[in-house]
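Architecture and fold: a report
Here are the chains, one letter per residue:
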Amino acid sequence: VSSAVLPAVLSIVLTAASDRVGVDDPVQVAVEVRNVSPTPVLMIGVVDGAESGARYPRWTPVIEGPNGPLVPERPDFTSPLRPADFRRLEPGESFDPTVSAGGAAWFPLASFDAISQHPGRYSVAVELDTEAPDDQAWQGTLPDRRPSAAAEAAVVAKLLADVPRLRARSNTVTITVEP
Amino acid sequence: MPVYDPTSVAHSLPMAPKTAWAVEDVARIQAEMVQALAPTAPVTAPAAVPVVRDVAQQTTVSGRYRGNAADFELELRIDVDGLRPTRRVSGDFFQRSGGTMAYIGSFIVNTPDIQVGPDQIVIEGEGVYSFDSGSPRLRIAIPRVPDLMPRAPATAQFLTSAGIPGQTFSCNYESPFLRAIEFERDIVEGIQPFEAYDTGRLLSGGPARVLTVPAAFGEAGIEMIDLDPGDPVPIDLAGADRIWSNRELHAAMERHFSRWSDEPAWRVWLLAATIHEEGPGLRGIMFDAMDQRQRQGCAVFHDVIGGTGDRVTRAMLRTYVHELGHCFNLYHSHQKEFMNPPQPNRLDALSWMHYPANYRGAGGSGEAAYWRAFPFQFDDGELIHLRHGFRDAVIPGGQPFGLGAADIDPGMFADQIADESGLELEIRAPDRFMLGTPVVIELKLSLLDLRGRTVNTKLHPNFGYVQVAIARLGGKPKIYRPLITHCIEPELVMLDRNRPSIYESSYIGFGKDGFYFDAPGQYELRALYNAPDGSRVISNVLRLRVKAPLTREEDEVADLFIGTEQGTLLYLLGSESESLRRGRDAFATVIEKYPDNPMASYAYLVEGMSASRPFKRIEDHKVVSQPADFGRSENMLSAVVGATTPSGKSLFADTEAPSPSKPRLDNISLNMVMQRLAEMRKEAGNDAGASTMAIDIVRHFDNLQVPPHVRKRIIEQVSKLLTEEQIDGLRENGAAPSGNPPSGNAGGGKARSRPRRK
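Given the structure is predicted, the values throughout are model-derived calculations rather than measurements.

**A closer look at the overall build of chain A**
Within chain A one finds two helices and 10 strands. When the helices and strands of chain A are listed from N to C terminus, the series reads β-β-β-β-β-β-β-α-β-α-β-β. The proportion of buried residues among the 179 residues of chain A is 49%. The contacts of chain A with a sequence gap of at least 6 include a subset with a gap of at least 24, amounting to 78%. Summed over all atoms, the accessible surface of chain A reaches about 7,700 Å², with 52% contributed by carbon and sulfur.

Structure, rendered in structure tokens:
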């Protein structure tokens with residue numbers, strides 16, 4: 001069943017702090033992910049490797065500008081998922097997947113910040129993809145040496161089963177980088 | 001890594017342009033810090049300001065020394081002056097045997113006292129060892145010599161904690177570098193590799209200098225000895241697609257790394273390659289992270305990192321050093337928690353091992369902020385690891401990626417700074433044990449937040465969700481490692497007002513490391529529960545004493561209990577395996593010779609539990625089943641219950657305190673034994689005896705006034721042995737409709753005298 005025919009589960013809204021920034025200035029774009037379904041939803045924020053597509057969930061920036069698409073740096077080792085990386089959203093509740101909370105290891109979308117390296121007009125959006133082919137595609141590649149690794153992996157496997165499989169795309173914001 | 005000691009100062013002294021630290025200044029700062037941090041002194045920050053001296057006129061003492069004593073060789077690393085001194089000394093021991101030499105262990109002294117005199121420098125402190133050292137203190141004396149003269153040998157004297165001299169090594173100066181490694185950089189044909197970068201070309205957080213890869217490691221105290229690169233590596237090794245996989249990179253290493261051998265060795269390989277199959281975002285990879293001997297090679301991908309311009313060259317340098325850092329067993333700055341022992345993640349680290357985009361510093365976050373502040377160096381914790389980590393935790397081909405030496409970080413069990421888990425973990429046990437007595441702890445996980453919490457009922461350390469640290473006073477802490485790790489999914493239940501706590505009883509006296517309480521003395525225990533939401537709930541510290549035997553009988557019984565087979569039998573709660581016969585014989589001797597000794601209860605317990613179940617063995621390629629011996633088991637387990645509840649009175653009553661000479665089963669174990677007795681009667685067709693025993697169990701715990709939710713749980717456990725009427729009777733009035741004081745025998749009444757083993 002294509003996710004396109006399913007009722008919406010999440011909405012993703014980008015909000016730029018300013019539509020004009022100077023070269024090398026920080027680019028502040030807030031990401032609001034809201035549960036628009038009538039039931040609770042479990043989701044994972046931007047863990048390392050999620051931006052570059054190295055692992056699921058994929059939080060892929062979609063940036064169009066004068067220099068073509070930006071390629072985010074792909075980490076050589078991605079962190080194992082931990083229970084704290086999951087966020088449970090009640091109906092109507094929202095969170096910013098780029099801001100760590102409650103022990104989660106989420107990171108800002110570095111590609112947004114990178115656009116200010118070159119002047120020009122950029123359109124910015126983000127796509128979320130949780131349609132991983134298997135559980136392995138969620139897991140990090142870094143060896144987890146903690147004594148609790150096996151225990152946490154079992155908990156993560158249970159939690160992963162409750163993450164809805166979907167694709168969603170945010171609105172598009174336009175930012176101009178001034179020389 | 002074990003050298004990252006949260007109890008000691010982990011900072012190196014900073015590097016300043018054209019300035020190195022003289023040992024006088026380091027000693028002064030060390031003394032000021034000790035004084036400032038002393039409880040009786042006013043706490044003021046020491047003035048960590050480098051005194052600019054002409055380094056060429058100074059006699060530095062830091063560096064690598066080497067010496068021998070008897071058949072042993074010591075590589076000694078002194079790090080108390082020069083560039084970024086970490087104020088530590090460390091070393092590796094080797095043993096010569098004929099024409100061979102084997103590594104046998106390492107040590108580090110984290111915060112030594114440094115005394116600088118006119119004629120010599122004395123460095124002294126107690127070390128942390130990768131083995132049990134009898135002489136953990138180290139005093140190093142280094143004569144001062146005039147400038148430009150050869151360095152004098154360092155005398156390393158090991159001493160007991162009480163100051164009694166141990167072995168002495170006279171160590172000759174070998175190198176200003178603390179470690180040396182052979183470095184071979186091979187190049188895929190057509191690649192223009194990185195050579196050098198001038199850190200003054202762009203704004204940065206450190207002094208301007210020209211850095212090559214060996215120079216970057218040289219600043220960390222690691223000498224990279226360049227090996228001649230071989231012929232260019234043909235791109236054909238990447239396959240027809242000309243894109244590298246980890247497997248192809250490993251094969252290329254085996255073929256082209258001229259000094260490669262699959263063993264721990266101070267040599268490392270880097271391949272300047274084209275592109276990895278992971279795609280154009282991957283700048284480099286330490287690909288050797290899967291087999292037995294890991295961390296021997298890495299690769300960087302010039303289709304991604306190559307090009308010209310200062311930013312490109314700067315990033316290229318970082319990628320080269322970063323990937324080689326993995327070969328020295330360094331994790332990313334934001335992933336330190338996944339190492340063993342774990343360290344805190346360091347998102348604010350200005351390190352080669354950080355991802356610029358992940359940097360979060362006081363002066364800003366992200367890539368631009370990182371590069372503005374980055375001084376082109378490893379952070380302090382990494383520097384200590386590189387210079388002083390136990391050899392196998394650092395050397396390529398040594399410990400697997402992410403694993404430190406066989407040591408644990410007591411910090412893992414430190415109090416949490418913030419605890420919003422809503423849970424409390426309690427660990428309890430009698431405060432005294434006679435030597436040889438099986439140490440059984442009780443774990444209790446309780447709800448603090450009455451809104452409720454989902455918890456995992458699998459609290460036994462065998463399941464891996466709970467770890468128990470055990471430290472003998474003055475000794476190194478160990479994590480209890482169960483003999484058999486049970487891979488089992490968590491069983492999640494909701495703790496709430498109706499069920500505010502769960503319990504588990506665990507025998508932790510014997511595991512993979514053998515006996516954990518095999519010597520008299522004071523022990524401290526602490527447990528850690530890994531909650532489903534990622535919280536780590538730390539228990540109280542349990543202190544218990546293992547008492548030395550005072551009589552000949554106690555001594556002999558202790559000997560009969562301390563043995564690998566006996567430990568295994570206690571762990572398994574009995575077994576008829578032939579390989580454990582010596583253990584069973586030892587327990588039989590206890591029962592025969594000392595039937596009234598309190599510790600005989602445990603021999604009865606093991607024998608009784610073993611006899612209660614069938615045992616299968618393979619003989620002549622056929623499975624032969626040995627049936628359960630209910631009669632023998634009944635006798636043995638009844639004796640256990642009888643001994644625990646003499647004259648029908650519970651030892652658990654508050655009126656009778658436990659004593660080391662009268663060990664007792666904990667409530668949970670006693671419940672287990674009584675339930676097994678009841679089940680066995682049911683299995684043997686004695687339904688009346690089973691229900692009588694079941695009711696005895698509830699009555700026994702009624703006498704102990706256990707909480708209602710525990711009582712409810714016990715009734716649930718025995719309900720399969722009771723009629724509906726009996727269950728209702730227990731539920732309604734809390735009184736048993738029939739039954740007897742707990743006794744363990746089928747008919748109730750007095751406990752039986754102890755049976756003798758046939």
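On we go from here.
**Looking at the overall build of chain B**
Tallying secondary structure elements over chain B gives 17 helices and 33 strands in all. Looking at chain B as a whole, 55% of its 758 residues qualify as buried. Put simply, of all contacts in chain B between residues at least 6 apart along the chain, 65% involve residues at least 24 apart. For chain B, the accessible surface area stands at approximately 32,300 Å², while carbon and sulfur atoms represent 51% of it.

**Observations regarding the sheet that holds strand β21 (residues 440-447) of chain B**
Residues and elements named next belong to chain B. Pairing is antiparallel in the open sheet, where three strands are placed in the order β19-β21-β26. What marks the edges here is a single partner per strand, and that holds for β19 (423-428) and β26 (501-507). The mean angle between the axes of side-by-side strands here comes to 15 degrees, regardless of whether they run parallel or antiparallel. Alignment of β19 against β21, held across six bridges, turns out to be antiparallel.

**Remarks on the environment of Phe-194 of chain B**
Residues and elements named next belong to chain B. The residue Phe-194 is located in the loop between β10 (179-187) and β11 (197-198) in this model. Between the C-alpha atoms of Phe-194 and Val-213, which are 19 residues apart in sequence, the distance is 8.7 Å. Sequence-distant contacts of Phe-194, defined by excluding residues within four places in its chain, comprise Arg-185, Leu-211, Thr-212, Val-213, His-302, Thr-313, Met-316, Leu-317 and Tyr-320.

**Regarding the state of the cysteines**
Inspection of the entire model under this criterion finds zero disulfides over all chains. Just so you know, Cys-298 of chain B is unpaired, no disulfide at all, and the nearest cysteine sulfur is the one on Cys-327 of chain B, 4.1 Å from it.

**Regarding helix α7 (residues 380-388) of chain B**
Residue and element names in this part refer to chain B. Here α7 lies mainly inside the structure; nine of its nine residues are buried. Of the residues making up α7, those classed as buried are Asp-380, Gly-381, Glu-382, Leu-383, Ile-384, His-385, Leu-386, Arg-387 and His-388. The backbone nitrogen of Gly-381 lies 3.2 Å from a side-chain oxygen of the residue at the head of α7, namely Asp-379.

**A few points about the interface of chain B and chain A**
Interfaces are often sized by the accessible area lost when the parts come together. Taken together, the 44 residues of chain B in the interface contact 33 residues of chain A. Where chain B abuts chain A, roughly 3,300 Å² becomes buried across the two surfaces, and 57% of that area is made up of carbon and sulfur atoms. On the chain B side of the interface with chain A, the three residues burying the most area are Phe-338, Tyr-355 and Arg-360 of chain B, jointly 18% of the side's total. Summed over the shared surface of chain B and chain A, the number is six salt bridges. Where Arg-311 of chain B meets Asp-24 of chain A, a salt bridge forms, and the shortest distance between an N and an O atom there is 3.6 Å. The interface formed by chain B and chain A includes 16 residue pairs in polar contact (both at pLDDT 80 or more). Every element with two or more residues in the side of chain B that touches chain A is listed here: β15 (284-285) and α5 (310-327) of chain B. Per-element tally for the side of chain B that touches chain A: the top contributor is α5 of chain B, with five residues. In the side of chain B that touches chain A, the residues fall into 19 nonpolar, 15 polar and 10 charged.

**Considerations on the side chain of Ser-506 of chain B**
Take Ser-506 of chain B: it is sitting in strand β26. Non-local contacts of Ser-506 of chain B, meaning those with residues more than four positions away in its chain, are made with Val-439, Val-440, Ile-441, Leu-443, His-460 and Pro-461 of chain B.

**Description of the environment of Pro-143 of chain A**
Tracing the backbone through its elements, the reader meets Pro-143 of chain A in the loop between β8 (120-129) and α2 (149-160). According to the relative accessible area criterion, Pro-143 of chain A is buried, its value standing at 15%. Between the C-alpha atoms of Pro-143 of chain A and Thr-78 of chain A, which are 65 residues apart in sequence, the distance is 9.2 Å. In this structure Pro-143 of chain A touches Tyr-331, Phe-338 and Phe-401 of chain B, once residues within four positions along its chain are discounted.

**Re the sheet that holds β15 of chain B**
Residue and element names in this part refer to chain B. Sheet architecture is open: five strands sit in the order β13-β10-β14-β16-β15, paired in mixed fashion. Bordering the open sheet on either side are β13 (222-227) and β15, each of which pairs with just one other strand. Two elements, strand β14 (residues 267-273) and strand β16 (residues 297-301), share five bridges in a ladder whose sense is parallel. Bridge assignment links Trp-269 to a residue of β16, and that residue is Gly-297. With respect to the sheet, helix α3 (residues 246-256) is in contact with β10, β14, β15 and β16, its orientation differing from that of β14 by roughly 120 degrees.

**As for the confidence of the model for chain B**
All names here are of chain B. Mean pLDDT over chain B works out to 83, with 85% of the residues at or above the 70 mark. In the model of chain B, strand β32 (residues 615-619) stands out as the element of lowest mean pLDDT, 74, in contrast to β11, which has the highest, 98. Between residues 1-7, whose pLDDT stays under 50, and residues either more than four places distant or in other chains, the model counts 29 contacts. Low pLDDT (under 50) marks residues 405-412, which in the prediction has 25 contacts with non-local residues, meaning those over four places away or in another chain. Reported confidence for the predicted complex is 0.85 by ipTM and 0.63 by pTM.

**Quick notes on the nonpolar core**
Of all hydrophobic cores here, the largest spans 87 residues; its most connected members are Val-468, Ile-470, Ile-508, Phe-517, Leu-525, Tyr-529 and Leu-544 of chain B. Leu-525 of chain B has contacts with Ile-427, Ile-441, Val-468, Ala-469, Ile-470, Ile-508, Phe-517, Asn-540, Val-541, Leu-542 and Leu-544 of chain B, leaving out every residue within four places of it along the chain. Core analysis: the second largest hydrophobic core is formed by 65 residues, Leu-142 of chain A together with Trp-244, Ala-252 and Ala-299 of chain B among them.

**Brief notes about the pairing of strand β6 (residues 120-129) of chain B**
Successive side chains on a regular strand alternate, one facing one side of the sheet and the next facing the other. Residues and elements named next belong to chain B. Where strand β4 (residues 100-109) lies against β6, three bridges are found, and the strand directions are antiparallel. If you follow Val-109 over to β6, its bridge partner there is Gly-127. Counting the residues that bridge the hairpin from strand β5 (residues 113-116) to β6 gives three residues. The pairing of β6 with strand β7 (residues 137-143) spans seven bridges and is antiparallel.

**Concerning the packing of aromatic side chains**
All names here are of chain B. For the coordinates displayed, the defined rule picks out 32 aromatic pairs over all chains. With 4.8 Å between their ring centres and 20 degrees between their planes, Tyr-370 and Phe-374 make a pair best called stacked. The class of Tyr-370 is buried, set by a relative accessible area of 0%. Every member of this aromatic cluster is reached through a ring pair, and the members are Tyr-197, Trp-352, Tyr-359, Tyr-370, Trp-371, Phe-374 and Phe-376. One cation-aromatic arrangement involves Arg-318 over Tyr-355; the distance from NZ or CZ to the ring centre is 5.4 Å.

**Describing the side chain of Arg-318 of chain B**
As for its position among the elements, Arg-318 of chain B is in helix α5. You can call Arg-318 of chain B buried: its relative accessible area is 3%. With sequence-adjacent residues up to four places away left out, Arg-318 of chain B is seen in contact with Glu-73 of chain A together with Arg-283, Trp-352, His-354, Tyr-355, Pro-356, Tyr-370 and Trp-371 of chain B.

**A look at a negative patch on the surface**
Residue and element names in this part refer to chain B. On the surface, Glu-724, Glu-725, Asp-728 and Glu-732 cluster together into a patch of negative charge. For Glu-725, the location among the structural elements is in helix α17 (residues 724-733). Classification of Glu-725 by relative accessible area gives exposed; the value is 67%.

**Points about unusual backbone geometry**
Along the chain, Tyr-56 of chain A connects to Pro-57 of chain A via a cis peptide bond; the corresponding omega equals -5 degrees. Looking at the secondary structure, you find Pro-57 of chain A in the loop between β4 (41-44) and β5 (58-64). Omega for the bond connecting Asn-340 of chain B with Pro-341 of chain B falls within 30 degrees of zero, at 0 degrees, which places this linkage in the cis form. The residue Pro-341 of chain B is located in the loop between α5 and β17 (360-361) in this model. Not every positive phi belongs to a glycine, and Asn-329 of chain B is a case in point at roughly 75 degrees. Here Asn-329 of chain B is to be found in the loop between α5 and β17. What makes Asn-329 of chain B buried here is its relative accessible area of 0%. In this structure, Phe-376 of chain B takes a positive phi of about 60 degrees despite not being glycine.

Calculation criteria
- Note that residues are indexed from 1 along each chain, following the sequence as it is written.
- Chain labels run from A onward and ligand labels from 1 onward, assigned in the order the entries are written.
- Given that the model is predicted, a residue must reach a pLDDT of at least 70 before its local features are reported, and side-chain atom pairs must reach 80 or more before they are shown or counted; all residues, however, enter totals for whole chains, interfaces and linings.
- No hydrogens and no water enter the side-chain calculation; it runs on all heavy atoms of the structure.
- A run of DSSP states H or I qualifies as a helix once it reaches four residues; a run of E qualifies as a strand once it reaches two. Both are numbered from the N-terminal end.
- Burial classes: relative accessible area under 20% of the type maximum marks a residue as buried, over 50% as exposed, and values in between as partly exposed (1.4 Å probe, protein chains only).
- Contacts are assigned to residue pairs with any non-hydrogen atoms lying within 4.5 Å of each other.
- Areas reported here follow the Shrake-Rupley algorithm with a probe of radius 1.4 Å; residue values treat only the protein chains shown as occluding.
- Note on pairing: DSSP must find at least two bridges between two strands before they are called paired.
- Angles here are taken between N-to-C directions and fall from 0 to 180 degrees, while the axes themselves are lines fitted to C-alpha atoms, restricted in helices to the stretch in contact.
- Disulfide assignment relies on a single distance test, namely cysteine sulfur atoms paired within 2.5 Å.
- Counting of polar contacts relies on pairs of N or O atoms within 3.5 Å, with two restrictions inside protein: one atom must be capable of donating a hydrogen and the other of accepting it, and residues adjacent in sequence are counted only when both atoms are side-chain atoms.
- By buried area we mean how much accessible surface two parts lose on assembly, using a 1.4 Å probe and totalling the loss over both.
- Salt bridges are counted wherever a side-chain nitrogen of Lys or Arg sits within 4 Å of a carboxyl oxygen of Asp or Glu.
- When residues are sorted by character, Ala, Val, Leu, Ile, Met, Phe, Trp, Tyr, Cys and Pro go into the nonpolar class, Asp, Glu, Lys and Arg into the charged class, and all the rest, Gly among them, into the polar class.
- How sure the predictor is of each residue is captured by pLDDT, a score from 0 to 100.
- The criterion is simple. A nonpolar core is a set of buried Ala, Val, Leu, Ile, Met, Phe, Trp, Tyr and Cys residues joined through side-chain atoms within 4.5 Å.
- Geometry of aromatic contacts follows a simple scheme: Phe, Tyr and Trp rings, the Trp one being its six-membered ring, pair when their centres are within 6.5 Å, and the pair is stacked under 30 degrees between planes, edge-to-face over 60, tilted otherwise.
- Geometrically, a charge over a ring is one whose NZ (Lys) or CZ (Arg) sits within 6 Å of the ring centre while staying within 35 degrees of the ring normal.
- Residues qualify for a patch when their relative accessible area is over 30% and they have no salt bridge, like charges being joined within 9 Å and the nonpolar side chains of Val, Leu, Ile, Met, Phe, Trp and Tyr within 5 Å.
- When charges are counted, Lys and Arg are positive and Asp and Glu negative, with His and the chain ends excluded.
- To locate a charge, take NZ of a lysine, CZ of an arginine, CG of an aspartate or CD of a glutamate.

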